[in-house]
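Architecture at a glance
As a plain string of letters, each chain reads:
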Amino acid sequence: MKEQNKSKKRFSFNRLIYNDKYLMIVSLILAVIVWIGASISSGTTESKTIKIDLPIKLGDEVSQSLGMQYYSLQDTIELSVTVSGNKYVVGQVDENDLSVKFDTSNVNKTGEHTIPIMVNSKSDNFSVSSYYPQSIECYFDVSESKTFDIQLQNDDLSSALNIADGYAFGTPVFSERQVVVTGPKTYVDRIQSANVSVYYDSDEALTEPYTTDSEVSFSSTGDLQSNYLIVTSKTDKKDIIKTISVTIPVLKKTTLSTTVNFENMPKKLPSDAVKITYSKNAIEAGILDSANIDKAQLGTIDFSDIPLEGANFNFNLNNLNGITVLEKDLDIINVKISVNKDVCSSKSVRISKSNVVIDGVPEGYKAVVSSVGADAVTAIGPSADVEKVTSGNVKLHCDVSKQSKDNKYSASAVIDSSDTCWVYGDYSAVIELVKE
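The model shown is predicted, which means the values in this text are computed figures rather than measured ones.

1. Considering the sheet that holds strand S13 (residues 210-215)
Read across the sheet, 3 strands follow the order S10-S16-S13 without closing on themselves; strand pairing throughout is antiparallel. Strand pairing shows two members of the sheet lacking a second neighbour, strand S10 (173-174) and S13, which therefore form its edges. Two elements, S13 and strand S16 (residues 243-248), share 6 bridges in a ladder whose sense is antiparallel. Following the sheet pairing, Thr212 is matched in S16 by Val246.

2. Topic: the environment of Val361
Assignment of secondary structure puts Val361 in the loop between strand S25 (356-359) and strand S26 (365-372). Residue class for Val361 comes out partly exposed when judged on its relative accessible area of 34%. Remark: the alpha-carbon pair of Val361 and Ser401, spanning 40 residues in sequence, is separated by 5.9 Å. Beyond its immediate stretch of four places on either side in the chain, Val361 contacts Lys366, Ala367 and Val400.

3. Re the nonpolar core
Leu161 and Phe218 are the most contacted members of the largest nonpolar core, which totals 35 residues. Contributions of two or more residues to this core are made by strand S8 (143-152), helix H6 (157-160), strand S9 (167-169), strand S11 (178-184), helix H7 (185-188), strand S12 (191-196) and S16. Phe218 has contacts with Val181, Ile191, Ser193, Ala194, Asn195, Leu224, Ser226, Leu229 and Val231, leaving out every residue within four places of it along the chain. Residues Leu269, Ala285, Ile306 and Leu317 belong to the second largest nonpolar core, which totals 30 residues.

4. Concerning a nonpolar patch on the surface
On the surface, Ile25, Ile29, Leu30 and Ile33 cluster together into a nonpolar patch covering about 390 Å² of accessible area. Mapped onto the elements, Ile25 comes out in helix H3 (residues 20-42).

Analysis parameters
- Residues numbered from 1 in each chain as written.
- Predicted model: local features only at pLDDT ≥ 70, side-chain atom pairs only at ≥ 80, totals over all residues.
- Heavy atoms only, no water.
- Pairing = 2+ DSSP bridges.
- Helix = DSSP H or I, 4+ residues; strand = E, 2+ residues; numbered from the N terminus.
- Buried < 20%, exposed > 50% of the residue type's maximum accessible area, 1.4 Å probe, protein only.
- Contact = heavy atoms within 4.5 Å.
- Core = buried A, V, L, I, M, F, W, Y, C linked by side-chain atoms within 4.5 Å.
- Patch = residues over 30% accessible without salt bridge, like charges linked within 9 Å, V, L, I, M, F, W, Y side chains within 5 Å.
- Areas by Shrake-Rupley, 256 points an atom, 1.4 Å probe, with all protein chains shown as cover.
- Salt bridge = Lys/Arg side-chain N within 4 Å of Asp/Glu carboxyl O.

Spelled out as structure tokens, the structure:
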């Protein structure tokens, strides 16, 4: 056993060094390691181009120092950067290894400015050889916002739209009646109006309303860079508007007789008691085919506004519901109410707090009449009937459901016992609501 153990070869470092075979292998391995290290540290110089989608953000320097904002025609630019350095290092470089800034140090007044782009390496292991673009164009100015009514730019709709015979255009309807325009003060101050236009490409004659979307344009007193402007809704300034929906009503031409409604009119008033005279008995108008309109209802006349001497009432035709007046320069129709004094007369009837009738008292309250605004009311009607009206017949109805700060409430005066007479004038009562 001892002889066998002695016969085993022991490892010897000296023997390994002086062994040509092993020395050659070790030398080769060390040479490769040295070569790799040398390649990394002192390899050939290479270039690489990096594409960056760069957001245009100029910071707050100008806003803080001059109170101005910047406006650009684009939100981002594509920046092409060429870097140079060791092949291994350059291969690992990306946009995160670059410092990109906009230099606004020379901005000191409003207007167009060329803003240099500064691109630098964050490391000493590579350098920036070139980049493009080297600058951007921006407009600097104080921000301004103004509200504008939307206007239809078409002076003559018939030249833009083909309409059938017997029909006419109504008043255009816009999805946004007003818009807010925000942008550089220099440009916003030049705007005179915000406009939309309509066009119709078909040869088919219109008999129904026509709707289209139109971009918002501007009329201005000088050059206007509309790309710097932001248009938003008047009701929601976060709602950016690109187009506005325009509806052009197409109305059927017709002739409508004029009429009025009456309020508080005695149910059995004799036909010869009052006379109604219209300054125009009929109008040329346009209505929708689907509308069930056969008369032009001008409005309502309250008999409490008609004295014994009669009265005149003017009605604005622009307020007619569903009707467009087609006659030029016709805006007002006068309605004259004449009271026949051969049939009617007036009488002063005394009133007091006891004549007040209170409606709409809130739960948990009681109403106390402090005073009435007049000592008497004026009753009008056929002479024989009006003479029969007494204080006990007159009621002053007051609605206190909507509480008044000064406890003063308007009163509607009626005559209970008569269906041929009415009360002329405005009346009121002071009523206090007291918790029960």
